[in-house]
Every structure is written in structure tokens, then in C-alpha cells.
Amino acid sequence: MQINSKFSNLTSSRVLWWIKSVIFLTVVFLLYQLIQSKIEHFDEVKQSFSLLFLPKNIFLLVIIISLTPINWAFEAWKWQKLASKVEKISFWEAYKGVLIGLTFSTATPMMIGDYAGKILMLKTDKRLQSIGAILLGNSLQMYVSLLFGTISYLIFVIWTNPSPLGLHISIITFLMICLIFGIFLSFNLSNINTFLSKNQFFEYLKKYLGVLENYRLTELKTLFMIATSRYFIFSLQFVLMFKVFQMNLPISVLLVGVGIIFLTKTLISVVNALGDLSIRELTSIYFFSFFGANIAAVSSATFMIWLVNVLLPILIGSVFILQLKLTSKKN
């Protein structure tokens, strides 16, 4: 393909070095701007900063930070299994691809950067076929968030009877329809090429999505379990961070709150990875206000979990970008 030949040409030229350098500097600049725009959060964190040095909280922080590489390891494991239909890659290659994708996402909407980062880590000349695999992986993670988020949202409505109740019931109904549709798609994924061949526009998409028919239902179940495991790791981190900032609410309330936070982030996924901080914070404040939680503690916990679980991996991913090599091999 012409696109693949361009990848090879970039490998042997100084253009690649400039591209990587520009991307790296752009990421650093965007991170600087973001932190500057969120500077008010530092005042909130300062007020609660003494809490971080309590012996029990230091232990909790160690656990939270230790869970971060495990969190992204589950995502890498999922990507390694998904990519195997296009190219066999090692777990370490998958891990780097995930972090590079996250880093690229800092400057792109709708997770476009995630696709680019993972694709560039592959060496096959059929890179574009991996788009379908990436789409499936992201969809599975979104489905898990949708599933537990819908359950959490339903519990929230039962607990608090928010107004207008009709609107909340309508949203829950819509979410349940989406969940049922997801199940329908998983059982019919093997027929994707038949569906795409029905008209000319969809026929064009076969080069990108045709790989989806290679995933069997048993493989989808395994991938779903990996995505669920990652969700539980992230939820545990969030709950522990709330405990660090002395949000002494029942574990059930904290877990429901985390489920709603992830649900909101999933439904508004058109924003980029950096912008989701505001979404998490606003959702957290809205939900926990029903239970009398300290707003400063909510904001501080949300900001800190973002620092640990998003900003840190982005910084590591930006280093991997500088090490990126684009090569192609024939399959």
C-alpha cells in the first residue's frame, strides 16, 4: 500500500526524528497549559496536603500508585490479544503502544490519538486492519463502564429519588437499551463482513473493520473479563483515594459514585484524555453532594487520582514516543 510505503520512508529519514520531537514538545506544552488552567486545584490539594503524610495514608498512596501500572497492564494485555489477529506482539510492545496511544490522545478528540499510538507500534504492512481491533477493545471497555455505570445510576435513583425523576428513568431506560444492543452485536460480530458488503459505503470499511469477524464469542468473553478487571482496579484506586481525603462514606456509596463517574466519562467520550478531569470532578461533586460529602475533599481526590492514573502514564508515554521506530514487515 502507498500508506505503508510512506511509513518505511519515514523510518530512514530525519523526518521521523522531527515528527517525534514535535509531538513530544506538543504534549509537554499541553500538559503545562492544563496544569496552569487547573491551578485552583492545587490550593484545594494544599489544604488537604497534610492528610497525605499520615502513616495510614502513606500506605494507601503506595497501594494506589502501585496499582497504576497494573491498571494499564490489563489494558496492554487486552490490546495484545486483540492485536494478535493482525500481528503477534509481545506484552511489552503492547504496553508501550497503550501508553503512546494515551499520550497521543492528549491533543485529539474522540480517542483518535489512541488509534494512532497503537497502530504505529505495529510492524506489519497491514497496520490499518488493526483499526477494527482497537475499536473493539475500546468498545469493550466502554461497555464495562456502561454496565456498572447503569447499575450504579439505578441504585443512585433508588437511594435519592432525584428530580425530575422521569428524566432519570428515561436515561436508565436508554442505557439498558444500549446494553442489550451491545450483547446483540457481540453475538453477530462474525457476520460483520456480510453486513459491510451490502452497500458500497460499508464495503469501503471492510479493510478497517473486516478483522472483527475473526473474534469468536469465547475470545470476547475473555476480553470482557480483562476489561472488567481493569475497571475494578481503577475503582479500587478511586475508593482508596477518597479514603485518603477522609471521605468517611460507606464503601457502597463510594463504589456507586465511582460507577457514575465512569459512566459520565464514557457517555461524553468526545472530549480528550486531559479534558476528562473536569467531567470527573463535576460528576463527583454532583453525586456526593447528595450524601453531604466535603466538596474540597471530592475535588482533591478526583484531581489526585487523575495525576496518578492519567498524567503519570502520559509522561511515560511521551518518552516512549521519542523511542518510536516505524518499520514494516510483510505478512
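Residues numbered from 1 in each chain as written. Predicted model: local features only at pLDDT ≥ 70, side-chain atom pairs only at ≥ 80, totals over all residues. Heavy atoms only, no water.

## What to know about the packing of helix H12 (residues 217-244) against helix H15 (residues 295-322)
Two packed helices can be described by the angle between their axes and the distance between those axes. Rule in force here: Convention adopted: a line fitted to C-alpha atoms gives each axis, helices being fitted over their contacting stretch, and angles between N-to-C directions are expressed from 0 to 180 degrees. Runs of E in the DSSP output that reach at least two residues are strands. Runs of H or I that reach at least four are helices, and both are numbered from the N terminus. Each angle gets one of four labels, with under 35 degrees taken as roughly parallel, over 145 as roughly antiparallel, 65 to 115 as roughly perpendicular, and the rest as oblique. Helix crossings are classified by the rotation of the near helix relative to the far one: an anticlockwise turn of less than a right angle makes the crossing left-handed, while a clockwise turn makes it right-handed. Any two residues whose heavy atoms approach within 4.5 Å are treated as being in contact. When residues are sorted by character, Ala, Val, Leu, Ile, Met, Phe, Trp, Tyr, Cys and Pro go into the nonpolar class, Asp, Glu, Lys and Arg into the charged class, and all the rest, Gly among them, into the polar class.
H15 packs onto H12 with a crossing angle of 135° between their chain directions and a minimal axis gap of 9 Å. Comparing the axis directions of H12 and H15 gives the class oblique. For the element pair H12 and H15, the recorded crossing hand is right-handed. Contact with H12, carried on its side by Phe234, Gln237, Phe238, Met241 and Phe242, involves Val298, Ala301, Thr302, Met304, Ile305, Val308 and Asn309 of H15 and no other residues of that element. Its residues assigned to classes, the contact of H12 with H15 shows nine nonpolar, three polar and no charged.

## Considering unusual backbone geometry
Trans is the common state for peptide bonds, and a negative phi is the common state for residues other than glycine. Note the cis peptide between Ser163 and Pro164, where omega equals -5°. With respect to the element layout, Pro164 can be found in the loop between helix H7 (130-160) and helix H8 (165-187). Non-glycine residue Asn161 carries a positive phi angle of around 50°. Mapped onto the elements, Asn161 comes out in the loop between H7 and H8. Of note, Gln246 is a non-glycine position whose phi angle comes to about 55°, a positive value.

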